[in-house]
Amino acid sequence: MHHLITEIQSLGIHVNEDITGRKGGAGPAEGRAFLVNGIPVSVPIAADYVSKSPFSLKETHSGYSLLKNNISVSTIKVVPEPQFYSKSTPDGIPYRQIALLHGKDCLATTVLQKCVHWKHAKRCRFCATQASLSSKQTIAKKTPSQLAQVAKAARDMDGVTHMVLTSGTADPPGSEIPYLAKCARTIKAEAGIPIQVQIAPPEDLGLIEELKDAGVESIGIHIESFDPDILSKVAPSKAEIGLNHYEKAWKKAVQLFGVNQVSSFIIAGLGETMASIAWGSEFLADLGVYPFVVPLRPIPGSMLEKETPPHPDIMKKLYDAVAKILQTKRINTQNILAGCARCGACSALSSYEKKKNNNLICHSARNDSEKSKALKIREEVFVHEQGLFDTSDLDKNDPDAIHLIARQNQKIIGTVRLYKEKSLSDHWIGGRLAVEKKFRSTAAGSTLVKEAMKRVKKKGCQVFTAQIQEKNIPFFLTLGWKPMGSVKSHFGHPHQKMKANLDLVPKDI
């Protein structure tokens, strides 16, 4: 079923004229929501490329049959137009101009329809947010009371269970966030449904706290592409923000909202390689961020409206690779409280997710609690067990280091730290590899070392070294590390400086 969903999302479905759909917006649009085996799927139906699709609908006594080359491959249902679309505000604004049903139970709105980047010729090429305004499909600014009124009606009349608030970037950028927080607070008070807010990383990351304080459960901070050249062409304003600031924003958001409650769109079909998408997906998942990989959906009114989505075979490979990454980082859609990834209609990724989790996983410490547990393990090993330090093994390198943790089931059982050699930008140093004594028969140690090699390579590392206790030299040799010089005293104990072979790091796809 997951392959079928992938195919219809890329190729589209021929439908009768009486079936219409969305024709614009800020995100993946142009299409109609269907239910395939109960799974909501947003499918293109009117774009030019759909004329070449092998898929069509045949009406039956109980609904529709989905045909591929005139052969039935599945039953399919059209998500009916919601009842709340028939209502209007007291001043005559149709509810559908304020918010729309996405998928089967997600309410979505662009709170501020205008974007400063359109004014300064830095608009995202895939976006048509102001085109929707020009065609009078929506209104420029939704008020908190309007949004709360529509959310309550959609909940009561159509069973909507969560809501997405997105927005054009205000002038100055970031000033939209307090208004989004105000809207979310009013919606929570009136409708009480989970909310995701989608924003660009503000210069002042403290603004994100306003969303958490307003009761927002989930946040989307979308980079769209991890290829810097592609991003500078299709989303110049996002490229100017830079990956480093995005990473800081994702980390802060995970601290505030939790693992699985932060997501980022990655759009396939902008011109990047599959390797770039897989690389970015692993980068996000390690931080605790859900990589919401979607095929490009050319939107009428956008600068990419004449493009076509990526071939379904490409998407199948991508989804398979990203699903494996999600499993190794214990990231999934089933725990997401609100937003596009919970809805899932614009991507087949959730149907590729592996239901069985790995018993042993490794990732960066994602919050203060995980880092604290890692430091306790280090203290137990290096202070109490081995006596390398009198009272504490903490030093000046810890604050800026990457702290990796190994988990068996839910328990943190090991850690290692990585930091950049300040005088050499491409040289990283590993150390403080520690595993709880009763778990040393597991593969936690080797898993941590391999993960450390991957993490530093993703940071641009060319040389990765560590001081290895003499008794552990054979262990590191089996992992491809090579000695540098002779054994010397380090913290009063014999250590061997060793260098990792970063060519052994496996690719993400």
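Residues numbered from 1 in each chain as written. Predicted model: local features only at pLDDT ≥ 70, side-chain atom pairs only at ≥ 80, totals over all residues. Heavy atoms only, no water.

Visitor: Just to check I follow, could you spell out the sheet that holds strand 4 (residues 63–68) for this structure?
Guide: Where strands meet in a sheet, backbone hydrogen bonds hold them as pairs that are either parallel or antiparallel. One open sheet holds the five strands; their spatial order is 2-1-5-4-3, and the pairing between them is antiparallel. Sheet topology places strand 2 (39–43) and strand 3 (55–60) at the edges, where each strand pairs with a single neighbour. Ignoring which end each strand starts from, the neighbouring axes of this sheet average 40° apart. As paired elements, strand 1 (residues 32–36) and strand 5 (residues 71–78) share two bridges and run antiparallel to each other. Bridge assignment links Leu 35 to a residue of strand 5, and that residue is Lys 77. Packing of helix 1 (residues 2–11) onto the sheet brings it into contact with strand 1, strand 2, strand 3, strand 4 and strand 5, and relative to strand 2 it is tilted by some 25°. (Pairing = 2+ DSSP bridges. Helix = DSSP H or I, 4+ residues; strand = E, 2+ residues; numbered from the N terminus. Axes fitted to C-alpha atoms, helices over the stretch in contact; angles between N-to-C directions. Contact = heavy atoms within 4.5 Å.)

Visitor: Please clarify how the nonpolar core should be interpreted in this entry.
Guide: Buried together is how nonpolar side chains tend to be arranged in soluble globular proteins. Membership of the largest hydrophobic core comes to 110 residues, with the highest contact counts inside it found for Leu 165, Leu 211 and Trp 250. Among residues more than four places away in sequence, those in contact with Leu 211 are Ile 177, Leu 180, Ala 181, Val 197, Ile 199, Val 216, Ile 219 and Phe 257. With 28 residues, the next largest nonpolar core counts Phe 439, Ala 444, Ile 473 and Val 505 among its residues. (Core = buried A, V, L, I, M, F, W, Y, C linked by side-chain atoms within 4.5 Å. Buried < 20%, exposed > 50% of the residue type's maximum accessible area, 1.4 Å probe, protein only.)

Visitor: Just checking my understanding: could you explain helix 14 (residues 368–385) for this structure?
Guide: Because an α-helix completes one turn every 3.6 residues, residues spaced three or four positions apart along the sequence face the same direction. Across its 18 residues, helix 14 extends 24 Å between first and last C-alpha, which sits within 8% of the 26 Å expected from 1.5 Å per residue. Taken together, the buried positions of helix 14 are Glu 370, Ala 374, Ile 377, Arg 378, Val 381, Phe 382 and Val 383. Next to the buried residues of helix 14 lie strand 13 (360–364), strand 14 (402–408), strand 15 (411–420), strand 16 (427–435) and strand 17 (463–469). Between a side-chain oxygen at the N-terminus of helix 14 and the backbone nitrogen of Ser 369 the separation is 3.2 Å; the capping residue is Asn 367. Phi turns positive, to about 70°, at Gly 387, one or two residues after helix 14. (Expected span 1.5 Å × (residues − 1). Polar contact = N/O pair within 3.5 Å; in protein donor to acceptor, adjacent residues only side chain to side chain.)

Visitor: What am I meant to see in unusual backbone geometry here?
Guide: A negative phi holds for most residues other than glycine; trans holds for most peptide bonds. With an omega of 5°, the peptide bond running from Asp 171 to Pro 172 counts as cis. Residue position: Pro 172 is located in the loop between strand 8 (162–166) and helix 5 (176–190). Unusually for a residue other than glycine, Phe 491 sits at a positive phi of about 55°. Within the secondary structure layout, Phe 491 lies in the loop between strand 19 (488–490) and strand 20 (493–499).

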